[in-house]
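Residues per chain, in single letters:
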Amino acid sequence: SKIEMDVLRNDEIIGYSNYFFKHSGDTMIVENYTKFTVEIFNVKVFSINSKSKEVYQKNKLLSFESKTLQNEKNKFVKLNYDKNKDKFIINGSSYVGEASIDNIIGNWWNAKILDTKTQISPLSGSIKKQEVKLTNKDEIDYKGRTVKLLQFKLKSAEDLPDDKKLDFDIWLDPNKNIIFKVKYN
């Protein structure tokens, strides 16, 4: 199965973020490919080219690995679950160390991102504190049908430089527990 997301800017498609799911017994592998470029007056101001792989067993994250080129800068994460310590061990471009298993990888396929107080950056491995609030109930027309959605605001819960802050509007289909739309603010 798969989830294909368009990345839009000013209602124009500027790239994609696609997730592919493989299931075998109790194991699920999620592969993600993301690529987009933001241009203003034909000048590139932001770009992402990333691929990642998450491995879960019985819904428990065992490993995560990513390689990203963000604005011509290489970023990476290699995360493994240490059963003896019951912690994640992270080797990332922005963080090296241990992390609680309560952290969620900050990917948009996983609605658990709305239930956690901390997330692990899928680009750099940094751990970010967040707050999530339900802000609205919404209905949209999608492919000829009305979809009822819950709208959430996800923001940083710590003082960070502007380019590191989390600030997203997220629409969730509560019946399917699927993130339907994400808006970067």
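My aim in this report is to walk through the structure given alongside it, one point at a time. (Residues numbered from 1 in each chain as written. Predicted model: local features only at pLDDT ≥ 70, side-chain atom pairs only at ≥ 80, totals over all residues. Heavy atoms only, no water.)

Turning to the overall build of the protein, a few remarks are in order. When helices and strands are tallied, the protein shows 0 helices and 14 strands. Mapped in sequence order, the helices and strands of the protein form the string β-β-β-β-β-β-β-β-β-β-β-β-β-β. Over its C-alpha trace the protein gives a radius of gyration of 17 Å, about what one expects of a compact globule, namely 16 Å for 185 residues. Expressed along its principal axes, the backbone C-alpha trace of the protein runs to roughly 50 × 40 × 35 Å. Relative to its full complement of 185 residues, the protein shows a buried share of 39%. Across the protein, contacts joining residues at least 24 apart in sequence account for 32% of those joining residues at least 6 apart. (Helix = DSSP H or I, 4+ residues; strand = E, 2+ residues; numbered from the N terminus. Rg over C-alpha atoms; globule rule 2.2 N^0.38 Å. Buried < 20%, exposed > 50% of the residue type's maximum accessible area, 1.4 Å probe, protein only. Contact = heavy atoms within 4.5 Å.)

Attention shifts here to the packing of aromatic side chains. In this structure the tally under the stated criterion is 7 aromatic pairs. Ring geometry for tyrosine 81 versus phenylalanine 88: centroids 6.3 Å apart, planes at 75 degrees, classification edge-to-face. For the pair shown, tyrosine 81 and phenylalanine 88 are each scored as buried. Among the aromatic residues, ring-to-ring pairing joins Phe21, Tyr56 and Trp109 into one connected group. (Phe/Tyr/Trp six-rings, centres within 6.5 Å; stacked < 30°, edge-to-face > 60°.)

Throughout the structure, instances matching the rule amount to 8 salt bridges. In this structure, glutamate 31 engages lysine 22 in a salt bridge whose closest nitrogen and oxygen atoms are separated by 3.8 Å. By relative accessible area, glutamate 31 is classed as buried at 17%. The class for lysine 22 is partly exposed, based on a relative accessible area of 46%. When salt bridges that share partners are traced, they join Lys153, Asp167 and Asp169 into one network. (Salt bridge = Lys/Arg side-chain N within 4 Å of Asp/Glu carboxyl O.)

With that settled, the discussion passes to the side chain of serine 126. For serine 126, the position within the fold is in the loop between β10 (118-120) and β11 (127-142). A distance of 3.3 Å separates a polar atom in the side chain of serine 126 from a polar atom in the side chain of serine 124. The contact partners of serine 126, leaving out residues within four places of it in the chain, are Ser94, Tyr95, Gln119, Ile120 and Ser121. (Polar contact = N/O pair within 3.5 Å; in protein donor to acceptor, adjacent residues only side chain to side chain.)

Let us look at the layout of surface pockets. Take a probe with the size of a water molecule and roll it over the atoms, and the empty space left behind shows itself. In this structure, the second largest pocket encloses a volume near 330 Å³. Lining the second largest pocket are 16 residues, and of these Tyr56, Asn59, Ile104, Asn110 and Lys112 sit closest to its centre. Elements that contribute at least two residues to the lining of the second largest pocket include exactly β5 (60-70) and β9 (104-105). Residues of the lining of the second largest pocket, tallied by class, amount to 9 nonpolar, 4 polar and 3 charged. (1 Å grid on protein atoms, 1.4 Å probe; cavity = no way out; pocket = protein on both sides within 12 Å on 5 of 7 lines; lining within 4 Å. Points joined across faces, edges and corners; volume = space filled by probe spheres on them. Nonpolar A, V, L, I, M, F, W, Y, C, P; charged D, E, K, R; others polar.)

Along the chain, serine 50 falls in strand β4 (residues 43-57). Only 2.8 Å separates the side chain of serine 50 from the side chain of threonine 68, close enough to count as a polar contact. Every residue in contact with serine 50, bar those within four places of it in the chain, is listed here: Asn32, Tyr33, Thr34, Lys67, Thr68 and Leu123.

Further remarks concern the nonpolar core. Counting residues in hydrophobic clusters, the biggest one holds 30 residues, and the most contacted among them are Leu79, Phe88 and Trp108. The set of elements that each furnish at least two residues to this core consists of β2 (12-24), β3 (27-40), β5, β6 (73-82), β7 (87-92), β9, β12 (145-156) and β13 (167-173). Residues in contact with tryptophan 108, not counting those within four places in the same chain, are Met5, Tyr19, Ile113, Phe168, Ile170, Ile179, Val182 and Tyr184. (Core = buried A, V, L, I, M, F, W, Y, C linked by side-chain atoms within 4.5 Å.)

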